[in-house]
Amino acid sequence: MPIDRDKALTADPSVHEIHWTTRDVLLYHLSLGAGADAATGPELHLTYEKGLGVLPTFAMVAGSGISAGEAHPPGFHLPGIDIDLRRVLHAGQGLQVHRPLPASGTATLSSRVAELRDKGKAALIVLESMATDADGAPLWTSTTRIWARGEGGFGGEPGPAEDLTAPERPADIVLTSVTSPQQALWYRLNGDLNPLHADPEFARQAGFDRPILHGLASYGLLCKALVDGVLDGDVTRLTGLTVRFAGPLVPGETLATSVWRQEPADDGTRQLALHVACPERGDAPVLTHATATVTA
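Residues numbered from 1 in each chain as written. Predicted model: local features only at pLDDT ≥ 70, side-chain atom pairs only at ≥ 80, totals over all residues. Heavy atoms only, no water.

Asks: Is there a simple way to explain the overall build of the protein in this structure?
Replies: Along the backbone of the protein there are six helices and ten strands. Relative to a compact globule of 296 residues, whose C-alpha radius of gyration would be 19 Å, the protein shows 19 Å and is just as compact. Principal axes of the C-alpha set define a box for the protein whose edges measure 55 × 50 × 50 Å. Looking at the 296 residues of the protein, the share that counts as buried comes to 43%. The contacts of the protein with a sequence gap of at least 6 include a subset with a gap of at least 24, amounting to 71%. Each charge class in the protein can be summarised by its mean position, and for the 23 positive and 35 negative side chains these summaries are 3 Å apart. (Helix = DSSP H or I, 4+ residues; strand = E, 2+ residues; numbered from the N terminus. Rg over C-alpha atoms; globule rule 2.2 N^0.38 Å. Buried < 20%, exposed > 50% of the residue type's maximum accessible area, 1.4 Å probe, protein only. Contact = heavy atoms within 4.5 Å. Lys, Arg positive; Asp, Glu negative; His and termini not counted. Charge placed at Lys NZ, Arg CZ, Asp CG, Glu CD.)

See below:
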């Protein structure tokens, strides 16, 4: 049985130690274009170890960058889930940062299958990971949504319908992020060496005209755009970011992020509704159902 729902949901969490250094953080920021725009200058708060801030989405690659040594082959090893990796899509990503991330550190990462939904012709697998520091204090919690085509029919519930549409009024601000032709080659050095993002022949076999950018690179570019364009460069003000991956981006193309500000909450935070599209392809959606939590 490819998916054993009860086994997957009741399995003990996978727990392991991760560590990262300032060089990992610097490389991550450079892979997102930090310091490359003459208009913003060298962005020393992201590219120089003195006074270095850490973009919250670094959590997605912490422990897998250059300090981790040689990358391991991609895999998908979860109790109760035996599926064809060629049918797996990264459908969405969420992140909650409990406090500002340190520029170097060690953490314990605990991961489990939090939800498993039977969508008929597909399965939706929701993975939850929590990182804690040496004292057990939480650093971040992430949720990863995996869409497994052809893996439904195991008897689970489909879950509620999810519909998040952008506000009908004009966006409060539109942020532009221009990617470079080598963006995916830079981003691969954070640990994801999938040939889809480098090898033209492999990309064609996967149905693309050329290598595409990592979904998590688009996610990181969105984070940086918000920090730069909405939060005055303060990485600590972004505490949550959730997206659905709606379409690919080719290195060299542009991300246009529409931002709608919501009213501040009583706890001093504000929600932002977001929609990210590619202007070069008729505003084709790249990231949808997107929200950010920021300090007001």
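Still more to cover.
Asks: Please clarify how the packing of aromatic side chains should be interpreted in this entry.
Replies: One pair of aromatic rings is described through two measures. These are the centre distance and the angle between the planes. On inspection of all chains with the given rule, the structure shows four aromatic pairs. An angle of 55° between the planes, with centres 5.9 Å apart, marks the rings of Trp-20 and Trp-140 as tilted. With Trp-20 in strand β1 (residues 14–20) and Trp-140 in strand β5 (residues 138–149), this residue pair connects regions lying 120 residues apart in the sequence. Residue class for Trp-20 comes out buried when judged on its relative accessible area of 3%. (Phe/Tyr/Trp six-rings, centres within 6.5 Å; stacked < 30°, edge-to-face > 60°.)

Asks: It is not clear to me how the environment of Leu-89 should be interpreted in this structure. Could you clarify?
Replies: Turning to its location among the elements, Leu-89 is positioned in strand β2 (residues 88–97). According to the relative accessible area criterion, Leu-89 is partly exposed, its value standing at 41%. Here the alpha-carbon distance between Leu-89 and Ile-146, two residues 57 residues apart in the chain, equals 5.8 Å.

Asks: Honestly, the sheet that holds strand β4 (residues 122–132) in this entry has me stumped. Any pointers?
Replies: Strand order in this open sheet of ten strands is β1-β3-β4-β5-β2-β7-β10-β9-β8-β6, and the pairing throughout is antiparallel. Across the chains shown, the open sheet's two edge strands, defined by having one partner strand only, are β1 and β6 (173–178). Neighbouring strand axes in the sheet, compared pairwise and without regard to direction, differ in orientation by 20° on average. The sheet contact formed by strand β8 (residues 254–261) and strand β9 (residues 269–278) spans six bridges and is antiparallel. Residue pairing for β9: Ser-258 is matched across the bridge by His-275. (Pairing = 2+ DSSP bridges. Axes fitted to C-alpha atoms, helices over the stretch in contact; angles between N-to-C directions.)

Asks: I tried to follow the pairing of strand β3 (residues 105–118) on my own but got confused; where do I start?
Replies: A regular strand carries its side chains on alternate faces of the sheet. Here seven bridges tie β1 to β3, and the two strands are oriented antiparallel to one another. Bridging from a neighbouring strand, Val-15 pairs with Ser-110 of β3. Sheet topology places β3 next to β4; ten bridges connect them, and they run antiparallel. Residue Ser-111 lies in a different strand from β4, and its bridge partner there is Ser-129. Counting the residues in the hairpin turn of β3 and β4 gives three residues, including Gly-120, whose phi is positive at 85°.

Asks: Would you explain the pattern of salt bridges in this entry?
Replies: For the structure on display, the rule yields nine salt bridges. In this structure, the salt-bridge partner of Asp-133 is Arg-99, at a minimum N-O distance of 2.2 Å. Linking Asp-133 in the loop between β4 and β5 with Arg-99 in the loop between β2 and β3, this pair joins segments that are 34 residues apart in sequence. Taking the relative accessible area as the measure of exposure, Asp-133 reaches 19% and is therefore buried. In this structure Arg-99 comes out as partly exposed when scored by relative accessible area, which is 32%. A salt bridge links Arg-112 to Glu-128, with the nearest nitrogen and oxygen atoms 3.2 Å apart. Of this pair, Arg-112 sits in strand β3 while Glu-128 is found in strand β4, placing the two residues 16 residues apart along the sequence. What emerges from the salt-bridge pattern is a single network uniting Glu-43, Lys-224 and Asp-228. (Salt bridge = Lys/Arg side-chain N within 4 Å of Asp/Glu carboxyl O.)

Asks: I keep staring at unusual backbone geometry and nothing clicks. Help me out?
Replies: Working note: non-glycine residues mostly have negative phi, and peptide bonds are mostly trans. Even without being glycine, Glu-43 reaches a positive phi, approximately 50°. Positive phi is not limited to glycine here, since His-289 has a value of about 50°. Tracing the sequence through the fold places His-289 in strand β10 (residues 284–295). Judged by relative accessible area, which is 28%, His-289 ranks as partly exposed.

Asks: Could you clarify how one ought to interpret the environment of Arg-23 in this entry?
Replies: Tracing the backbone shows Arg-23 in helix α2 (residues 22–31). For the pair formed by Arg-23 and Met-130, sequence separation is 107 residues and the distance between their alpha carbons is 23 Å.

Asks: Just to check I follow, could you spell out the pairing of β8 for this structure?
Replies: The buried fraction of β8 is high, at seven of eight residues. With six bridges joining them, β6 and β8 adopt antiparallel strand pairing. When the bridges of β8 are listed, Ser-177 appears paired with Leu-255.

Any functional reading would require information beyond the geometric quantities listed.
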